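# Reading the structure
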Amino acid sequence: MTETFLPGTIFAGYRIERLLGKGGMGAVYLARHPRLPRWDALKVLSAQQAVDAVFRARFVREADLAAQLDHPNIVAVHDRGVDQGRLWIAMQFVDGPDTGALLRRAPGGLPPHRVADIVGAVARGLDAAHRAGVLHRDVKPGNILLESRENEPDRVFVTDFGIARAQAESTSPTEPGTVLATLAYAAPEQLTGGAVDHRADVYALGCTLYELLTGARPFPRPSAAETVRAHLRDAPPRPSAVRPALPQGVDEVVARALAKDPDHRYPSCGELAAAVATAVGTKQQPAPVGGSVTSRSRIRFALATAVGVGAVVLGIGTVLALTGNLGGESSALPTSAARSSTAAAPTTAVGDRTDWGSYQTVIRQFPRLLPATPNAVGHGGIRCHPVDLGGNPVELNSQLGELARLQCDGDRNPVERLVVNCNTDRQPNPVAPFTDMTVRGDESWQRIAGTGRVIWGDLTGVDGRPTGTVLVQFDPPIRDFCHILVRGGASGQDLYDRWWRDAPL
């Protein structure tokens, strides 16, 4: 077997299309998924490293740790395995350059506002990893990927958790005295063998910030030994000394991020990013609270907060998810007189509007299911309106966030509520059973309009009575950025039989 695969090679069932890049541990290829109409980034451990037990363990570790993370700013891990003695990891393919490539085209540094946006997105991903107990330990421009989107800011991803470790571990999978990090971005405690926590990633993000602003690394020295000495002893450099037009506030941000003592740094990457945004005069997007934010967790939270009518909190899982906003595809804005659900009618006035405004893109995905206009009814008589993540009604022409959501009320025969959730960046939006849901069935489906997955089961309503739920997922490349959640019927099987079998998807 050759060290680098040629285009057309079949490996682990994947068809290799081209080489994306090579590193010390192996190569990454663009590859065609063996069963799904999807491109993956296939990372393959080199033949030389494949015979080394330490490198094999580290490679498997990357997949296992990264697979625990589900965040829009972290490259997702789909699968891993072994083929012909070579370990591989299948990851989300990001069609765009890393920030190191951007710097090669802009050697004097990037515009400060763009740097603030990039650092903010990276910080959200890293903080989510830290909350999950995972340290990256090799944050640098080459591990930050950008994917361009038409008329929108680039989407930013953190990748390569190859030397990551769980924060709770007391030891590192390497020989004593070995530094597993890129020296230009390594925190002093990583270089001296001291205790390493999430603040090492804060330090590395500070080094990356300096480089993105100036085009130069913070401690450029002629040898590795001198680089280490600079990290341990030299004062943090001032970005404005290299690029005088920069706001002087960034000097203070970099100085604190690169403090030798971890206690003197920003306590989180998010606080570092917020300081950068303030220094350059941008509005920083707030980081989510309480863990990595996935579509499912957003839905459950929204459903929990949207229960209304004095509902008792029965567990932030299925009941809440299904009593609030469910990811469904209905699209008619109901008036208070027309709604049959117990939920309060939205206060957003639509008058005689004949279009869905910003939400028209959701309607196009499910034209036979959702109402054609805000004042019409959809399949089964459902009436719909747009809501935010908290279940609050929003204007039809309001600016969409990362998720476009339509909430629909039915006549309880059998649908009580249906919610459609669509990721506005068109990233996959899968479903999974709720924690308090009794699953009765889980199967793949195929219809003229496409394929996907459906899960159905039972849960308890806020009134204590049993009810059913159906969760619908769509396969790529069509509508995989949307999913539907439905509540109603006497049970999941009842809802499956009376709604799902004939649902016009």
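All values derive from a computational prediction rather than experimental measurement.

Below, the discussion takes up the sheet that holds strand 5 (residues 77-83). The strand order 1-2-3-4-6-5 describes an open sheet built from six strands, whose pairing is antiparallel. Looking at the sheet topology across the chains shown, the edges are occupied by strand 1 (10-11) and strand 5. Pairing of strand 1 with strand 2 (residues 14-22) involves two bridges; the strand directions are antiparallel. Bridging from a neighbouring strand, I10 pairs with R15 of strand 2.

Where the model shows low pLDDT, its predicted coordinates should not be examined in detail. Confidence in the prediction for the protein chain averages 80 pLDDT; 80% of positions are at 70 or higher. Of all helices and strands in the protein chain, the one with the weakest mean pLDDT is helix 11 (residues 295-305) (31), whereas helix 6 (residues 199-214) scores best (97). Long-range and interchain partners of residues 286-352, a stretch whose pLDDT sits below 50, account for 222 contacts in this model, where long-range means more than four residues apart.

A separate point is the packing of aromatic side chains. Inspection of every chain in the model, using the stated rule, returns eight aromatic pairs. Ring centres of W445 and W500 lie 5.6 Å apart, and the angle between their planes is 70°; on these two criteria the pair is classed as edge-to-face. With W445 in strand 14 (residues 438-447) and W500 in the segment after helix 14 (492-498), the pair connects residues that are 55 residues apart, well separated along the chain. Of note, R447 hangs over the ring of W445, and the distance from its end group to the ring centre comes to 5.9 Å.

Okay, the state of the cysteines next. The final tally for this structure, using the stated rule, is two disulfides. One disulfide bridge connects C384 with C408, the sulfur atoms lying 2.1 Å from each other. On the sign convention where negative means left-handed, the S-S torsion of about 110° between C384 and C408 marks this disulfide as right-handed. Here C384, found in strand 11 (residues 383-387), pairs with C408, found in strand 12 (residues 403-409); they are 24 residues apart in sequence, far enough to count as distant.

Throughout the structure, instances matching the rule amount to 18 salt bridges. For the salt bridge of R38 with D40, the shortest nitrogen-to-oxygen distance reads 2.9 Å. A relative accessible area of 22% places R38 in the partly exposed class. Under the relative-accessibility criterion, D40 is labelled buried at 0%. Taking the shortest distance from any N to any O, the salt bridge between D497 and R501 comes out at 3.0 Å. You can call D497 partly exposed: its relative accessible area is 31%. By sharing partners, the salt bridges in this structure join D197, R199 and D263 into a single network.

What follows is about the sheet that holds strand 12. Pairing within the open sheet is antiparallel, and its seven strands lie in the order 11-12-13-17-16-15-14. In this open sheet, the two edge strands, each paired with only one partner strand, are strand 11 and strand 14. Averaged over all pairs of adjacent strands, the angle between their axes in this sheet comes to 20°, without regard to strand direction. Pairing geometry for strand 15 (residues 450-460) and strand 16 (residues 466-474), over nine bridges, is antiparallel. Considered in strand 16, the bridge of D458 is made with G468.

Attention shifts here to the side chain of Q92. Within the element layout of this structure, Q92 appears in strand 6 (residues 86-92). With residues up to four places along the chain from it excluded, the contact list for Q92 reads A41, I74, V75, A76, H78, R155, F157 and Q427.

Below, the discussion takes up helix 6. Here helix 6 is 16 residues long and its end C-alpha atoms lie 23 Å apart, about the 22 Å a rise of 1.5 Å per residue gives. With 16 of its 16 residues buried, helix 6 lies for the most part within the structure. Downstream of helix 6 by one or two residues, G215 has phi in the positive range, about 85°.

The biggest cluster of nonpolar side chains holds 70 residues, and the ones touching the most others in it are I118, V122, F161, L205, L209, V253 and L272. With 10 residues, helix 6 is the largest single contributor of residues to this core. Apart from residues lying up to four places away in sequence, I118 is in contact with T99, L110, I144, L146, V156 and L212. If you look at the next biggest cluster of nonpolar residues, it comprises 34 residues, including V394, L396, V420 and F474.

Bringing helix 4 (residues 112-131) into the picture now. Over its 20 residues, helix 4 extends 28 Å from the first C-alpha to the last, a length consistent with the 28 Å expected when each residue adds 1.5 Å. With 16 of 20 residues buried, helix 4 is to be regarded as a mostly interior element. Positive phi shows up at G133, right after helix 4, with a value of about 85°.

The element strand 11 is largely enclosed, with a buried count of four among its five residues. Sheet topology note: the strand 11/strand 12 ladder contains five bridges and is antiparallel. Looking at the pairing, P386 lines up with L406 of strand 12.

What follows is about the packing of helix 4 against helix 6. Where helix 4 meets helix 6, the axes come as close as 10 Å, and the angle between the chain directions of the two elements is 165°. By the angle between their directions, the pair helix 4 and helix 6 is classed as roughly antiparallel. Where helix 4 crosses over helix 6, the handedness of that crossing is right-handed. Residue-level inspection shows P112, V115, I118, V119, V122, A123, L126 and H130 of helix 4 in contact with helix 6, the latter providing D201, L205, L209, L212 and L213. Partitioning the contact of helix 4 with helix 6 into residue classes produces 11 nonpolar, one polar and one charged.

Criteria and cut-off values
- Residues numbered from 1 in each chain as written.
- Predicted model: local features only at pLDDT ≥ 70, side-chain atom pairs only at ≥ 80, totals over all residues.
- Heavy atoms only, no water.
- Pairing = 2+ DSSP bridges.
- Helix = DSSP H or I, 4+ residues; strand = E, 2+ residues; numbered from the N terminus.
- pLDDT = per-residue confidence, 0-100.
- Contact = heavy atoms within 4.5 Å.
- Phe/Tyr/Trp six-rings, centres within 6.5 Å; stacked < 30°, edge-to-face > 60°.
- Lys NZ or Arg CZ within 6 Å of the ring centre and 35° of its normal.
- Disulfide = S-S within 2.5 Å.
- Salt bridge = Lys/Arg side-chain N within 4 Å of Asp/Glu carboxyl O.
- Buried < 20%, exposed > 50% of the residue type's maximum accessible area, 1.4 Å probe, protein only.
- Axes fitted to C-alpha atoms, helices over the stretch in contact; angles between N-to-C directions.
- Expected span 1.5 Å × (residues − 1).
- Core = buried A, V, L, I, M, F, W, Y, C linked by side-chain atoms within 4.5 Å.
- Parallel < 35°, antiparallel > 145°, perpendicular 65-115°, else oblique.
- Left-handed = near helix turned anticlockwise from the far one by under 90°.
- Nonpolar A, V, L, I, M, F, W, Y, C, P; charged D, E, K, R; others polar.

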